[in-house]
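These are the residues of each chain, in order.
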Amino acid sequence: MQRMVIQRILIGLVTLWVVSVLVFIMTSLLPGDVASIVLGQAATPETLAAYRAANGLDQPLIFQYFGWLANMVTGDLGVSKAGGAKIYDLIAGRLGNTMFLAGLVALISVPLSVALGLLAAMYPGTWIDRSLTFGTLALISVPDFFIATFAVLILAVQLGWLPAIASVAPENTFWQMARGIAMPLIVLVIVVAAQMIRMTRAGILNVMNSPYIEMAILKGVRRKRIILRHAFFNTIGPIVNVIALNLAYLVSGVVIVETIFAYPGLAKLMIDGVQTRDLPLVQACAMIFCGTYVVLIIMADVAAILANPRLRNPK
Amino acid sequence: MTDSRNLPTIDSLSGADREIVETGLKRGATRREVMTWLMASGATIAAAGSIVSSAKTALAATPKKGGKLKFASDLHGPSDTLDPGLNTSTIDYSRGRSVYNSLTQINDDLSTRPELAEEYSANPDNTEWTFKLRKGVKFHDGSNFTADDVIYTMSRHYGEKSTSKAKSLVADVKEWKKVDSHTVKAIMKGPNADLPVILGTPHFKIIKDGTTEFQKANGTGPYKMTEFNPGVRSICVRNEHYWRDGGNVDLIEVTAITDPVARLSALLSGDIDLMQGLNPKAIKKVESTPGVGIWSVASGAYFGICAMTNTSPGNNRDFVLALQHIQRRKKIVKSILKGQGTVGNDHPINIAYGADHCSELAQRTHDLDKAKFHLKKSGITSAELNVAEVAPGMTDICLLAQREAGKIGLDLKIKKVPNDGYWGAVWMKTPLNVVTWNMRPTANVMMNLAFAPDAPWNDTLWKNERLGKLLVESRGVKDAAKRHEMYCEMQKIISVGSDDHPPSGMVIPAHRNYVDAKSDKVEGIGRMPLGSLGGYEWPEFAWRTDV
């Protein structure tokens, strides 16, 4: 297993490098560069040249890339070509915000959805299962911006219970913080839980058709015990993978929720970076997102192996 | 409050009614109660709201000190900057106004008054301007404000290494000279009477001599910045050592909420006090909600469709005329802008520029017969227009034009393109595209930027030497009638052209107001028409009624 983990980490590093090259090429292919976007409508050939020279944008792309890579390896993320702020400063606060939100969502949604998924699998065909299935399918079909806007309309504008924007300023008290983050939290829990509930239920019912479950049934084991003792552990592999993908989504893909609640997170930062063609910023965000995926998927695989005796003790 | 749509104010009520409203408000009646009385006597919601707002303003004209103010703009990101020369968006300008000062300050009628320059005057032929600087002004770091700071600030706006976005505005200043520690001189290349008003615009905020790093702001302004987090927020606290009585609230938080619906929700639920950029579609919602109101200022900002003159179809004069005659200008103002705008006449100078606007020039109207005639003469049957939503309403204006074009047999294809990268890749590069310009401090600056034959931003690459000559000559003219005549000729050249010189190729169907929204608890927002919320001047003057 150690070998597998090391192998995975090495593959992960190669993936990161490939992604950095791809992101660099793609961003450079977009029309316009950071100078023409920052100067916008007011750009003239002279001011463009002056801006490029002042920010090292007049060098060939290949030099810019390797310059970035050399700094990156030494841990220097560089400065934003668009505003001059240190990339580290731009990212640090937002990474904290993103992790805080993603962590809270995971803390609530993972136990909740695994429990509800098990419940549905335990009593298939009953009203519990049917209402859970109906509810999750309905929520998967509704886009997150709709849930978010609807929540704002009801909870903030009509009822005035929660603030419309999620402010997480350092001077806020715990209570203000909790109120501020409540709405994105609710929306994201709804969005990710639905999928995880479905997967847990489907995974367990899938295993329930295996011969060893049939054996257990014939032995006269109670259904609850079959599911919790026999089926669940064999389903952990696929379930943790779905959880890992959902968590990675929470880190990198929640741009719509961040936008609607004006929550300063990483996903929006990357979009801003792409819009201004700010290569060092885009690269730094891409590395964080890609790294998150790699780490979470390695963790999911390790968990799957640990949960499965056949993989744990290979012949 | 004089609304651009001429809504009634407290002054328009009869004596008895006026007393009822004023007494009611003094006794603490809520806005809703007073509005109910007014509506019971036949006033519309908008009119009643306007009357109550104006009555409140009249009653509480003395600013109160204290409280916090939270402002949300429409755009922000890692490119937010405190470098005045690179300021781009409302959020940058508003921050700049909080922490810095200019030499001069622009009034609501676009005249100027002294700010850091105590006195300024030109020599008789307007070729040399002398600025006497205020003494005893201190920067936030405690250092004194002197002529060196002005010379350093101005030096950043010219020369090869300058990245200033306002470089072209002061291109006719030959040199800035320090006379003594508190006097500077601008030596001009030619006469220019407009220099003081240009120096009152946001890019010319005064920074400390030698400043090269802009992650912190060191200005002389009414607020000190204690936190600057690009793309997240900034916090400013009142500068207790400010050189004049300004800065009414204790703390200003500036942020942006990109999503227009979310921004509006935040205002309606009271999470923010001021918001920039109200979508015309949301005006009704704001007007019917108690506690908030719109802040609309008529301006010369305009929407334009650019037909490039160096290529087909824009080089065909008849095609452009057809495009101009299919514009339903009144309908655009009424339906797309919800009344918050004025009709355009295919040149950039509308009534907001005051005396320089040429009211004698005939207004071009919606005339499908003429359009059909010119289209037939041009021999063109289809064209492709590149559209980005450069200002709210732009796409709708183009879609309306598409529908009208269909009626005269022109297949006008609309190609929607994204906003990011638009100015570098589409604008001035494709045969038919769109543009929006904010209002500029003078008619001369506006036409010089976008229409002069050597202007880098001449939208349609149109060259008219006569216009270029008039632009330079008119800067030195002091006789009002002569000046107006020259400005009128310029507007005519742009819009109509002459027999041997084609017009600019610009279709300018409408000018838009700056429409923002605010809580009723915030007063002191001006009506200077050069930008959002009274030309970004609010940070120094806004105050809260509830402290």
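Residues numbered from 1 in each chain as written. Chains lettered and ligands numbered in written order. Predicted model: local features only at pLDDT ≥ 70, side-chain atom pairs only at ≥ 80, totals over all residues. Heavy atoms only, no water.

A. Main features of the state of the cysteines. All names here are of chain B. Across all of its chains, the model carries one disulfide over all chains by this definition. What pairs with Cys358 in a disulfide is Cys488, and their sulfur atoms sit 1.8 Å apart. In this structure the cystine formed by Cys358 and Cys488 twists about its S-S bond by roughly 85°; its chirality is therefore right-handed. Residue Cys358 is found in the loop between strand S14 (341-343) and helix H11 (368-378), and its partner Cys488 is found in helix H16 (residues 480-495); the two are separated by 130 residues along the sequence. For the pair Cys358 and Cys488, one class covers both residues: buried. No disulfide involves Cys306; its nearest neighbouring cysteine sulfur is the one of Cys398, lying 9.8 Å away. On the basis of relative accessible area, Cys306 is assigned to the buried category, the value being 0%. (Disulfide = S-S within 2.5 Å. Helix = DSSP H or I, 4+ residues; strand = E, 2+ residues; numbered from the N terminus. Buried < 20%, exposed > 50% of the residue type's maximum accessible area, 1.4 Å probe, protein only.)

B. Representation of the sheet that holds strand S1 (residues 68-73) of chain B within the structure. All names here are of chain B. If you walk across this open sheet you meet the seven strands as S8-S9-S10-S1-S11-S19-S12, and the pairing is mixed. Edge positions in the sheet fall to strand S8 (223-229) and strand S12 (292-297), since each has one partner strand and no second. Note that S8 and strand S9 (residues 233-238) share six bridges and pair antiparallel. When the bridges of S9 are listed, Lys224 appears paired with Val237. (Pairing = 2+ DSSP bridges.)

C. How the structure looks around the confidence of the model for chain B. Residues and elements named next belong to chain B. Across chain B, the average pLDDT comes to 88, with 89% of residues at 70 or higher. Here residues 1-5 is modelled with pLDDT under 50, and outside its nearest four sequence neighbours on either side it reaches 16 contacts, counting other chains as well. Across the interface, the model reports ipTM at 0.78; the global pTM reads 0.82. (pLDDT = per-residue confidence, 0-100. Contact = heavy atoms within 4.5 Å.)

D. Local environment of the pattern of salt bridges. Residues and elements named next belong to chain B. Under the counting rule described, the total for this entry stands at 32 salt bridges over all chains. For Arg475, the salt bridge identified is with Asp172, shortest N-O distance 3.6 Å. You can see Arg475 sitting in the loop between helix H15 (465-474) and H16 and its partner Asp172 sitting in the loop between helix H5 (147-155) and strand S6 (173-180), a full 303 residues away along the chain. Residues Arg238 and Glu240 are paired through a salt bridge, measuring 3.7 Å at the closest nitrogen-oxygen approach. For Arg238, a relative accessible area of 17% puts it in the buried group. (Salt bridge = Lys/Arg side-chain N within 4 Å of Asp/Glu carboxyl O.)

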